[in-house]
Amino acid sequence: MVTNTSGKKKTAVARATVREGEGRVRINSKPVELVEPEMSRLKMLEPFRIAGDELRDEMDIEVHVEGGGISGQADAVRTAIARGIVQHSNDAELRDAYMEFDRSLLVNDVRQSEPKKWGGPGARARYQKSYR
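Just so it is clear, the structure is predicted and the values come from calculations on it, not from any experiment.

Visitor: Run through the overall build of the chain, naming residues and quoting values.
Guide: Helix and strand counts for the chain come out as five helices and five strands. Ordered by position from N to C terminus, the α and β elements of the chain give β-β-β-β-α-α-α-β-α-α. A compact globule built from 132 residues would reach a C-alpha radius of gyration of about 14 Å, whereas the chain, at 18 Å, exceeds it by more than 25%. By its C-alpha atoms, the chain is 70 × 30 × 25 Å across when sized along the principal axes. Sorting the 132 residues of the chain into buried and exposed places 38% on the buried side. Just so you have it, the chain exposes about 8,500 Å², and 50% of that area is on carbon and sulfur atoms. Considering the chain, the positive charge centre built from 23 side chains and the negative charge centre built from 21 side chains are found 16 Å apart.

Visitor: Run through the packing of aromatic side chains, naming residues and quoting values.
Guide: Going through the model one piece at a time under the given rule, you end up with zero aromatic pairs. When the ring centre of phenylalanine 48 is taken as origin, the NZ or CZ atom of arginine 56, which lies over that ring, is 5.3 Å away.

Visitor: An account of the packing of helix H4 (residues 70-89) against helix H5 (residues 92-101) is requested, with residue identities and associated values reported.
Guide: Running from N to C, H4 and H5 point in directions that differ by 155°, and their axes come no closer than 9 Å. Relative to H5, the element H4 lies roughly antiparallel. Along the contact surface, H4 presents Arg78, Ala82, Ile85, Val86 and Ser89, while H5 presents Leu94, Arg95, Tyr98 and Phe101. Looking at the contact of H4 with H5 residue by residue, the class counts come to six nonpolar, one polar and two charged.

Visitor: How would you summarise the nonpolar core if you had to cite specific residues and measurements?
Guide: Counting residues in each nonpolar core, the largest one holds 29 residues, and the members touching the most others are Ile27, Ile61, Val63, Val77, Ile81, Ile85 and Tyr98. Only strand S2 (12-20), strand S3 (25-27), helix H2 (46-51), strand S5 (59-66), H4 and H5 provide two or more residues apiece to this core. Here this core takes eight residues from H4, the largest share from any one element.

Visitor: So what's going on with the pattern of salt bridges? Which residues, and what values?
Guide: With the rule as written, the count across this model stands at 15 salt bridges. Between lysine 9 and aspartate 109 there is a salt bridge, with its nearest N and O atoms 3.0 Å apart. Of this pair, lysine 9 sits in strand S1 (residues 3-9) while aspartate 109 sits in the segment after H5, placing them 100 residues apart in sequence. Across the pair arginine 56 and glutamate 33 runs a salt bridge whose closest N-O atoms are separated by 3.0 Å. Of this pair, arginine 56 sits in helix H3 (residues 53-56) while glutamate 33 sits in the loop between strand S4 (30-31) and helix H1 (38-44); the two residues are 23 residues apart in sequence, bridging distant segments of the chain. For arginine 56, a relative accessible area of 14% translates into the label buried. Members of the salt-bridge network, linked through shared partners, are Lys9, Lys43, Glu46, Arg49, Asp75, Arg78, Asp102, Asp109 and Arg111.

Visitor: Report on the environment of arginine 78, specifying residues and quantitative values.
Guide: With respect to the helices, strands and loops of the structure, arginine 78 is situated in helix H4. Taking the C-alpha atoms as reference points, arginine 78 and leucine 42, 36 residues apart in sequence, are found 9.6 Å from one another. Contacts of arginine 78, omitting those with residues within four sequence positions, involve Lys43, Met44, Glu46, Pro47, Phe101, Asp102, Ser104 and Leu105.

Visitor: Provide a residue-level description of the sheet that holds S3, including the pertinent values.
Guide: If you trace the five strands from one edge of the open sheet to the other, you get S1-S2-S5-S3-S4, paired in mixed fashion. Since the sheet does not close on itself, it has two edges, and those belong to S1 and S4, each with one partner. Across eight bridges, the pairing between S2 and S5 is antiparallel. Bridge assignment links alanine 16 to a residue of S5, and that residue is valine 63. Each of S1, S2, S3 and S5 is contacted by H4, which is oriented at about 150° to S1, the strand it contacts most.

Cut-off values and rules
Residues numbered from 1 in each chain as written. Predicted model: local features only at pLDDT ≥ 70, side-chain atom pairs only at ≥ 80, totals over all residues. Heavy atoms only, no water. Helix = DSSP H or I, 4+ residues; strand = E, 2+ residues; numbered from the N terminus. Rg over C-alpha atoms; globule rule 2.2 N^0.38 Å. Buried < 20%, exposed > 50% of the residue type's maximum accessible area, 1.4 Å probe, protein only. Areas by Shrake-Rupley, 256 points an atom, 1.4 Å probe, with all protein chains shown as cover. Lys, Arg positive; Asp, Glu negative; His and termini not counted. Charge placed at Lys NZ, Arg CZ, Asp CG, Glu CD. Phe/Tyr/Trp six-rings, centres within 6.5 Å; stacked < 30°, edge-to-face > 60°. Lys NZ or Arg CZ within 6 Å of the ring centre and 35° of its normal. Axes fitted to C-alpha atoms, helices over the stretch in contact; angles between N-to-C directions. Parallel < 35°, antiparallel > 145°, perpendicular 65-115°, else oblique. Contact = heavy atoms within 4.5 Å. Nonpolar A, V, L, I, M, F, W, Y, C, P; charged D, E, K, R; others polar. Core = buried A, V, L, I, M, F, W, Y, C linked by side-chain atoms within 4.5 Å. Salt bridge = Lys/Arg side-chain N within 4 Å of Asp/Glu carboxyl O. Pairing = 2+ DSSP bridges.

Next up, the structure:
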């Protein structure tokens with residue numbers, strides 16, 4: 001059985017394909033073990049730490065991620081992988097364990113950066129006022 005899922009964070013979008021296999025996890029056609037920096041790799045593999053490595057050995061996961069920065073992409077990949085594992089295994093207990101650990105494992109973070117407006121250098125900051 002093949003399962004397709006996605007995860008989003010800021011402007012990063014990750015699409016994951018989960019199928020039966022022997023535990024290969026690839027991010028943009030690169031093994032997850034080669035992902036740098038290390039904090040991003042650990043964040044991406046978080047769903048397996050909760051589910052257990054026995055579950056990882058039963059499936060192959062292929063993730064394509066684009067947009068955003070390193071941290072946003074890591075969060076998007078993490079959500080896509082967790083959703084894929086839950087859908088593929090159809091395990092309600094695992095879903096509850098993910099929700100209890102961190103809701104953003106299964107639910108996209110919808111927060112976006114506020115757009116810049118006129119009259120200032122950013123979204124809220126205004127240009128400095130000069131009296132002379």
